[in-house]
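Here is what each chain is made of, one letter per residue.
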Amino acid sequence: MRRRLRAWDAAVLLLLAAWATPFFWQLRTSFTPDVELLTTDRAVPAHPTLIHYRAVVDRSVMPRALLNSLGVASITTLLAIALGLPAAYALARLPVPGKGLLLLAVVASTAFPQITTVSPLYLLLRALGLRDTWTALVLADTSFALPLLMWLLAGFIRDIPLELEEAAFLDGAGRVAVVRRVILPLVAPGVASAALLTFLAAWNEFLFAFTFTATEASRTVPVALALFPGVFEVPWGDIAAASMLAALPPIVIVVALQRWLVRGLVAGALKE
Amino acid sequence: MTARQRADRRAGLAFAAPAMLALGALAAYPALWVLWLSLQQRVPIFGIARFVGLDHFLFLAGDARFWNAVRVTLVFTLASVALELALGVAVALALQRQRTGRRLALSLLLLGWALPSVVTAKLFEWLYHPSAGLVNVVLGGHAINWLGDPRLALPALVAADVWRTMPFVALLCYARLLTIPVEVYEAARVDGAGRAATLRSITLPLLRPILLVALLFRTLDALRAFDLMFVLTGGGPANTTETLTVYAYRSLFQTLQLGFGAAIGVVVFALVMAVAWGYLRALRGAGVAA
């Protein structure tokens, strides 16, 4: 029985590795010299090379784009937490006037298609003189990051037993002190999960970034990758290397921070 | 009203107000503005801005390109969501019996889901390459032009989308399967239920609620999908992969007809909201609490 189960485990892992082939093939391509790109009968290139990575780092806008993406995604995440955490607590615990309607609005705005709001946001950001800035992207990304984060955090806060807060009130603590001393420590893992999902969504965002940026001053990684230049022919190896750099944060999140990612993903769906 | 209740009301307002103002300015306001925009003729480069009422929508009703985009959007959504759900359940069932290496399994599974869709587009553009692409190599060296053939481009696009979104369905189902107590399965075995009977009368019914949630999420995402087709095929060849979102984008920012593009965006919005509303009604009707 035990041996059969092990065989099953190995089979499932193989199957999932096969599913991930498109990624691994691109990883292989990123280390393959141009002359070998048409040689597909080896799993590992005969002469692995770093030349594509060097080309991307030294002669493309990718390093700047990585910085832009890191900045925009981090600031968006921090802003969403700063605005969303108190609001999530209010929606979960406090008597806010029109609460039912507010909750409905939050859920509805997670379903807004970006293609619908992209044109008014474009006019708005242009009127504010914010085109091609980090600020524009942070504001635009907040429009989908904030409702997502609020929804997740309100769920996590509802899971915290009310008695813990009541005990603190009896000790004479005020509302703000209760939030800081009781709620914050308990919801911290939930905040980590929600922050990861928010960061990932902002890192991967393409439509807003493609529309609101014009130069490398604010172009993010997905935009730089979509516009990756080729002079005479498509530089497949360089594109592969750039793809791998764009994939780095998602890989770290999936591999090293998996527990928090899964928790956030599952919570968002199961608490509907 | 006690002092505590009054203080709570004040705190509730103070805590919620900043987020609500932000959502009002960045989500609600644009959502209302786009309705107004869709009733205008706006071509900024020619300085045109006038009210045209429902003209754009009337034009769309007779626009062959629009109906093609509707068809592409629906075919893409139905095919992609159906395949994701079927494969996702299968993978979740396979993972349920996994005893070792679960973390590695989830890493491999979630990788495709976590990547930016622009990266996915670049991955598949290379896989589908007519002469050097892995797909053609595996199929025996035919030089099939997957993304250039009007009959193949949409299926190729669906395959790429299923690759990146199946993991989401699989993960949700797997998480649900983990919460089914072992005793349930033991009881079924004692009652003499075989593997197929257990799957049919225990596992799948228990998966139903989470599958409905996954169905809703995935349908909404597929209807408003944009990045993958815009980067992988750009709507081509011959508009065979031009979804409503791509048609809207091209109208907005390539031919710069802001009012007309906004009208298509409003159609996408209405479609998404109608589907969400329909699902929620159906869920409530079935008495399912996920």
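Note that the structure is predicted; figures quoted are calculated from it, not measured.

Caption draft 1: Representation of the overall build of chain B in the model. A count of helices and strands for chain B gives twelve helices and two strands. Starting at the N terminus and walking to the C terminus, you meet the elements of chain B as α-β-β-α-α-α-α-α-α-α-α-α-α-α. For 290 residues, the compact-globule formula gives about 19 Å, and the C-alpha radius of gyration of chain B, at 24 Å, lies well above that figure. Counting all 290 residues of chain B, 44% fall into the buried class.

Caption draft 2: Broad picture of the overall build of chain A. Scanning chain A from N- to C-terminus turns up 13 helices and zero strands. Of the regular secondary structure in chain A, the N- to C-terminal order runs α-α-α-α-α-α-α-α-α-α-α-α-α. Taken over the C-alpha atoms alone, chain A extends approximately 75 × 70 × 30 Å along its principal axes. Within chain A, the fraction of its 272 residues that count as buried is 46%.

Caption draft 3: Quick peek at the environment of Ala175 of chain B. Along the polypeptide, Ala175 of chain B turns up in helix H7 (residues 153-178). Residues Ala175 of chain B and Leu54 of chain B, spaced 121 residues apart in sequence, show a C-alpha to C-alpha distance of 47 Å.

Caption draft 4: Inspection of the nonpolar core at higher detail. Counting residues in hydrophobic clusters, the biggest one holds 166 residues, and the most contacted among them are Ala87, Met150 and Leu153 of chain A together with Cys173 of chain B. Residue contributions to this core peak at 17 residues, all from helix H7 (residues 134-158) of chain A. Looking at which domains feed residues into this core, each of domain 1 (1-32) and domain 2 (55-286) of chain B gives three or more.

Caption draft 5: Up close: the pairing of strand E2 (residues 48-51) of chain B. Residues and elements named next belong to chain B. Pairing analysis gives four bridges linking strand E1 (residues 40-43) to E2, with the strands arranged antiparallel. Note that in E2 the partner of Gln40 across the bridge is Phe51. Connecting E1 to the next strand, E2, in antiparallel fashion are four residues, including Gly47 with a positive phi near 65 degrees.

Caption draft 6: A look at the confidence of the model for chain B. Averaged over every residue, the pLDDT of chain B is 92; the share at 70 or more is 98%. On the interface metric, ipTM, the complex scores 0.93, and its pTM is 0.94.

Caption draft 7: Inspection of the domain arrangement of chain B at higher detail. Each assigned domain of chain B is listed with its residue range as follows: domain 1 (1-32) and domain 2 (55-286). Domain 1 of chain B and domain 2 of chain B are separated by 36 Å when their C-alpha centres are compared.

Caption draft 8: Up close: the packing of H7 of chain A against helix H1 (residues 3-37) of chain B. Running from N to C, H7 of chain A and H1 of chain B point in directions that differ by 130 degrees, and their axes come no closer than 9 Å. Taken together, H7 of chain A and H1 of chain B sit at an angle that is classed as oblique. As H7 of chain A runs across H1 of chain B, the sense of the crossing is left-handed. Packed against H7 of chain A, whose contacting residues are Leu139, Thr142, Ser143, Leu146, Pro147 and Met150 of chain A, the element H1 of chain B presents Ala19, Ala22, Leu23, Leu26 and Ala27 of chain B at the interface. Here the contact of H7 of chain A with H1 of chain B is built from residues that sort into nine nonpolar, two polar and no charged.

Caption draft 9: Geometry of helix H2 (residues 21-30) of chain A. Here H2 of chain A has its buried residues at Pro22, Phe23, Gln26, Thr29 and Ser30 of chain A. Across the axial projection of H2 of chain A, the buried residues extend over an arc of 120 degrees, all falling on one side. The inward-facing, buried residues of H2 of chain A contact helix H3 (51-59) and helix H12 (236-255) of chain A together with helix H4 (102-114), helix H5 (117-127) and H7 of chain B.

Caption draft 10: Structural context of the packing of helix H3 (residues 64-96) of chain B against helix H9 (residues 195-223) of chain B. Residue and element names in this part refer to chain B. Interhelical geometry of H3 versus H9 gives an angle of 145 degrees and a closest axis separation of 10 Å. In this structure, the crossing between H3 and H9 has a hand that is right-handed. Contact residues: Thr73, Phe76, Thr77, Ser80, Val81, Glu84, Leu85 and Val89 in H3; Leu207, Leu211, Ala214, Leu215, Arg218, Thr219, Ala222 and Leu223 in H9. Classifying every residue of the contact of H3 with H9 gives ten nonpolar, four polar and two charged.

Caption draft 11: Just unusual backbone geometry, in detail. Of note, the bond from Gly236 of chain B into Pro237 of chain B is cis; its omega dihedral lies within 30 degrees of zero at -10 degrees. For Asp132 of chain A, which is not a glycine, the phi torsion comes out positive at approximately 65 degrees. Mapped onto the elements of the fold, Asp132 of chain A is located in the loop between helix H6 (114-127) and H7. A positive phi angle, near 55 degrees, is found at Leu256 of chain B, a position not held by glycine. Along the chain, Leu256 of chain B turns up in the loop between helix H11 (244-254) and helix H12 (258-286). C-beta crowding within 10 Å serves as the criterion here: with 14 such atoms nearby, Leu256 of chain B is assigned to the partly exposed category.

The rules behind the values
Residues numbered from 1 in each chain as written. Chains lettered and ligands numbered in written order. Predicted model: local features only at pLDDT ≥ 70, side-chain atom pairs only at ≥ 80, totals over all residues. Helix = DSSP H or I, 4+ residues; strand = E, 2+ residues; numbered from the N terminus. Rg over C-alpha atoms; globule rule 2.2 N^0.38 Å. Buried ≥ 20, exposed ≤ 12 C-beta atoms within 10 Å, placed from the backbone. Core = buried A, V, L, I, M, F, W, Y, C linked by C-beta atoms within 7 Å. Domains from an automatic or database assignment. Pairing = 2+ DSSP bridges. pLDDT = per-residue confidence, 0-100. Axes fitted to C-alpha atoms, helices over the stretch in contact; angles between N-to-C directions. Parallel < 35°, antiparallel > 145°, perpendicular 65-115°, else oblique. Left-handed = near helix turned anticlockwise from the far one by under 90°. Contact = placed C-beta atoms within 7 Å. Nonpolar A, V, L, I, M, F, W, Y, C, P; charged D, E, K, R; others polar. Arc of directions from axis to C-beta.

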